[in-house]
Amino acid sequence: MRIVIDMVAVSREVERGRAELAASSEGILGIAQRQRIWVAMDDPDDPEASYRHRTYLKVACVRHVQHYWDRTFPSNPGVEEMLALTQALIDRKADPKRAEKRAEDFFDDIMAHTDVTPDLEPAIGVADAASGTAMTACYRNPDYDIADGTEDDDELLPASLEPSYSCASAAAGGMNWQPAEELDIEARRAFWTWYLDEAIPWALTT
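Quantities reported herein were computed from a predicted structural model and do not represent experimental measurements. (Residues numbered from 1 in each chain as written. Predicted model: local features only at pLDDT ≥ 70, side-chain atom pairs only at ≥ 80, totals over all residues. Heavy atoms only, no water.)

Engineer: Hey, could you run me through the packing of helix H3 (residues 47-72) against helix H4 (residues 78-90) in this one?
Structural biologist: Each pair of packed helices gets described by two things: the angle between the helix axes and the distance between those axes. It is the contact of H3 with H4, at a shortest axis distance of 11 Å, that shows an interaxial angle of 170 degrees. One element, H3, and the other, H4, form an angle in the roughly antiparallel class. Of the residues in H4, those touching H3 at Glu48, Tyr51, Arg52, Thr55, Tyr56, Val59, Val62, Arg63, Gln66 and Trp69 are Gly78, Val79, Glu80, Leu83, Thr86, Gln87, Leu89 and Ile90. For the contact of H3 with H4, the per-class residue count stands at nine nonpolar, five polar and four charged. (Axes fitted to C-alpha atoms, helices over the stretch in contact; angles between N-to-C directions. Helix = DSSP H or I, 4+ residues; strand = E, 2+ residues; numbered from the N terminus. Parallel < 35°, antiparallel > 145°, perpendicular 65-115°, else oblique. Contact = heavy atoms within 4.5 Å. Nonpolar A, V, L, I, M, F, W, Y, C, P; charged D, E, K, R; others polar.)

Encoded structure:
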């Protein structure tokens, strides 16, 4: 099937994202602008392709910061399992109800058995993103993450953070609401720059 995506609209929204990021002293690309990019990425004639592009964008984000998890929990394959589960869902080779339960259990188990200290927060952010990626992949709805009226990622705390934000927070060592002096602002900016320049184009061709 021929994919019909308005690449002019995608480019326009990505440029707006770059402008927002450049203007942010804290290196933040907000969820409202990300949502506008996601809408532009949609193929109105092929919801399945739109679902795949949106899901692969999340997968790319998790892969980009997965090293924080692997370094902190080298013997725990949970994040890799979540990514494999996501691929199985994309390929319709996993039962969505069982997959959602598995993804929920993975993150709940981590939180139940981990004393979350600041040095562990990046790895926990990766786990949250991996779990969220698998859970949202259970629903073949390309607009799953578009919540009307959401202007701030931290409005989605504590249980429904969007995966790319969790990954950016892993890179920064904390969330947007935390004081800038506690975070690596340039690492967060670098993540969002990569997201706009590399992850989105890759997802649209996957």
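Engineer: Before we go on, may I ask you to explain the environment of Ala112 in this structure?
Structural biologist: By the secondary structure assignment, Ala112 is in helix H5 (residues 96-112). Put simply, Ala112 and Thr86 are 26 residues apart on the chain and 23 Å apart in space, counted from C-alpha to C-alpha.

Engineer: Which parts of the structure should I look at to understand the environment of His113?
Structural biologist: Within the secondary structure layout, His113 lies in the loop between H5 and helix H6 (121-137). Within the local environment of His113, its side chain forms a polar contact with the backbone oxygen of Asp109, the two atoms lying 2.9 Å apart. (Polar contact = N/O pair within 3.5 Å; in protein donor to acceptor, adjacent residues only side chain to side chain.)

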